[in-house]
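# Tertiary structure, described
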Amino acid sequence: MTQGSEPETLEAFLESMARLASAVHIVTVRHGGCDYGMTVTAVTSLSTDPVSILLSINRQAAAHDAILATGELAVSTLRPGQSGLARTFAGMTGVCGEARFAEGDWDTGSDRPPVLRDAASMMRCRVLQSHVIGTHRIFACKVEQVVLGHQPHALVYGNRQFGTMAYAED
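Anyway, here's the lowdown on the structure attached to this text. For every chain, the first residue of its written sequence is number 1, and the numbers climb from 1 along that sequence. Only residues with pLDDT of at least 70 get local features here, since the model is predicted, and only at 80 or more are side-chain atom pairs given and counted; chain-wide, interface and lining totals rely on the full set of residues. Heavy atoms from the whole structure form the basis of all side-chain values; hydrogens and water molecules are not counted.

## Quick word on the environment of Ala-168
The way it works is that DSSP assigns letters per residue, a run of H or I at least four long becomes a helix, a run of E at least two long becomes a strand, and they are numbered from the N terminus. Structurally, Ala-168 is set in the segment after strand 12 (161-163). Taking the C-alpha atoms as reference points, Ala-168 and Glu-6, 162 residues apart in sequence, are found 38 Å from one another.

Below you can see the structure in the form of structure tokens.
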């Protein structure tokens with residue numbers, strides 16, 4: 001492992017995180033009549049009692065303050081073939097704000113956060129607690145609804161590229 005000065009540690013940390021393959025999700029929130037969404041890989045299970053997850057959101061993200069204000073969000077787990085959608089919601093295509101929802105098949109017909117109809121899975125959540133750590137806020141969220149899609153495989157992001165996982169039997 002690389003150790004040393006702060007810049008070297010940061011660079012090694014970023015490279016280490018790039019090598020960590022993770023499922024790709026779009027986190028959405030509705031606030032003040034506007035829809036916000038962003039691509040996130042930092043989502044993990046927390047507990048089964050209550051059924052809950054953790055997610056990490058950059059405090060500079062437009063969705064951050066909306067999540068704080070509403071206390072609810074949705075997590076749509078992308079499936080293989082949806083990397084274009086991931087790029088759009090990550091800000092990699094230049095499309096911003098609500099224009100991002102023009103791509104994909106979104107259920108935006110309620111006062112709740114939008115959900116992707118053809119995602120691998122979808123969870124509607126309510127924030128239980130949140131804590132600021134540096135540039136990000138960690139949200140602990142109670143899962144109130146889960147909908148499983150027809151495609152059980154998730155899109156993953158690792159080594160700075162989108163892909164799929166190959167499952168191996170021992």
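## Things to note about the pattern of salt bridges
We define a salt bridge as a contact between a side-chain nitrogen of Lys or Arg and a carboxyl oxygen of Asp or Glu at a distance within 4 Å. Enumeration according to the criterion identifies ten salt bridges in this entry. Of the charged contacts, one joins Glu-15 and Arg-19 as a salt bridge, the two residues approaching to 3.0 Å between their closest N and O atoms. With a relative accessible area of 60%, Arg-19 lands in the exposed category. With a shortest N-O distance of 3.3 Å, Arg-126 and Glu-144 are connected by a salt bridge. Taken together, the residues span a long stretch of sequence, with Arg-126 in strand 9 (residues 121-133) and Glu-144 in strand 10 (residues 136-148) at a distance of 18 residues. In the salt-bridge network here, residues are joined through shared partners; they are Glu-72, Arg-112, Arg-126 and Glu-144. Note on classification: 1.4 Å probe, protein chains only; a residue is buried when its accessible area is under 20% of the maximum for its type, exposed when over 50%, partly exposed between these limits.

## Brief notes about the pairing of strand 5 (residues 51-58)
Where strand 4 (residues 43-48) and strand 5 come together, five bridges link them in antiparallel fashion. Paired with Thr-48 across the strands is Val-51, a residue of strand 5. One requirement defines pairing of two strands: DSSP has to find at least two bridges between them. Where strand 4 folds back on strand 5, the antiparallel hairpin that results is connected by two residues. Sheet topology places strand 5 next to strand 10; seven bridges connect them, and they run antiparallel. Opposite Ile-57, over in strand 10, you have Arg-137 as the bridge partner.

## As for a nonpolar patch on the surface
For patch detection, residues must exceed 30% relative accessible area and be free of salt bridges, and they are connected within 9 Å for like charges or within 5 Å for nonpolar side chains (Val, Leu, Ile, Met, Phe, Trp, Tyr). For every accessible area listed, the method is Shrake-Rupley and the probe measures 1.4 Å; residues are considered covered only by the protein chains on display. Among the surface-exposed residues, Leu-10, Phe-13, Leu-14, Met-17 and Leu-20 lie close enough to one another that they form a single nonpolar patch of about 480 Å² accessible area. Along the chain, Leu-10 turns up in helix 1 (residues 6-18).

## A few points about the sheet that holds strand 12
Overall, antiparallel pairing links the three strands, which are arranged 1-11-12 in an open sheet. Single-partner strands in this sheet number two, and they are strand 1 (22-23) and strand 12. Where strand 11 (residues 156-158) meets strand 12, three bridges bridge the pair, whose relative direction is antiparallel. Bridging across to strand 12, Gly-158 finds its partner in Gln-161.

## Remarks on the nonpolar core
By nonpolar core is meant a set of buried Ala, Val, Leu, Ile, Met, Phe, Trp, Tyr and Cys residues that side-chain atoms within 4.5 Å join together. In this structure, Val-27, Ile-53, Leu-55, Ile-57, Ile-67 and Leu-73 are the most contacted members of the largest nonpolar core, which totals 19 residues. The set of elements that each furnish at least two residues to this core consists of strand 2 (25-31), strand 3 (34-40), strand 5, helix 2 (62-70), strand 6 (72-77), strand 9 and strand 10. Contact partners of Leu-55, with chain neighbours within four places excluded, come to Val-27, Ala-42, Val-43, Leu-73, Arg-137, Ile-138, Phe-139 and Cys-141. Core analysis: the next-biggest nonpolar cluster, separate from the first, contains twelve residues, Leu-85, Phe-101, Leu-116 and Phe-162 among them. Residue contacts are counted whenever heavy atoms from the two residues lie within 4.5 Å of one another.

## Comments concerning the packing of aromatic side chains
Aromatic pairing here means that ring centres of Phe, Tyr or Trp (its six-membered ring) are within 6.5 Å. Orientation follows from the plane angle: under 30 degrees is stacked, over 60 is edge-to-face, and everything else is tilted. The tally for this structure, following the rule as stated, stands at four aromatic pairs. Centroid distance Phe-89 to Phe-101: 5.1 Å. Interplanar angle 80°. Geometry classified as edge-to-face. Of this pair, Phe-89 sits in helix 3 (residues 83-89) while Phe-101 is found in the loop between helix 3 and strand 7 (106-107), placing the two residues twelve residues apart along the sequence. By relative accessible area, Phe-89 is classed as buried at 1%. The rings of Phe-89, Phe-101 and Trp-106 are connected pair by pair, giving a single aromatic cluster.

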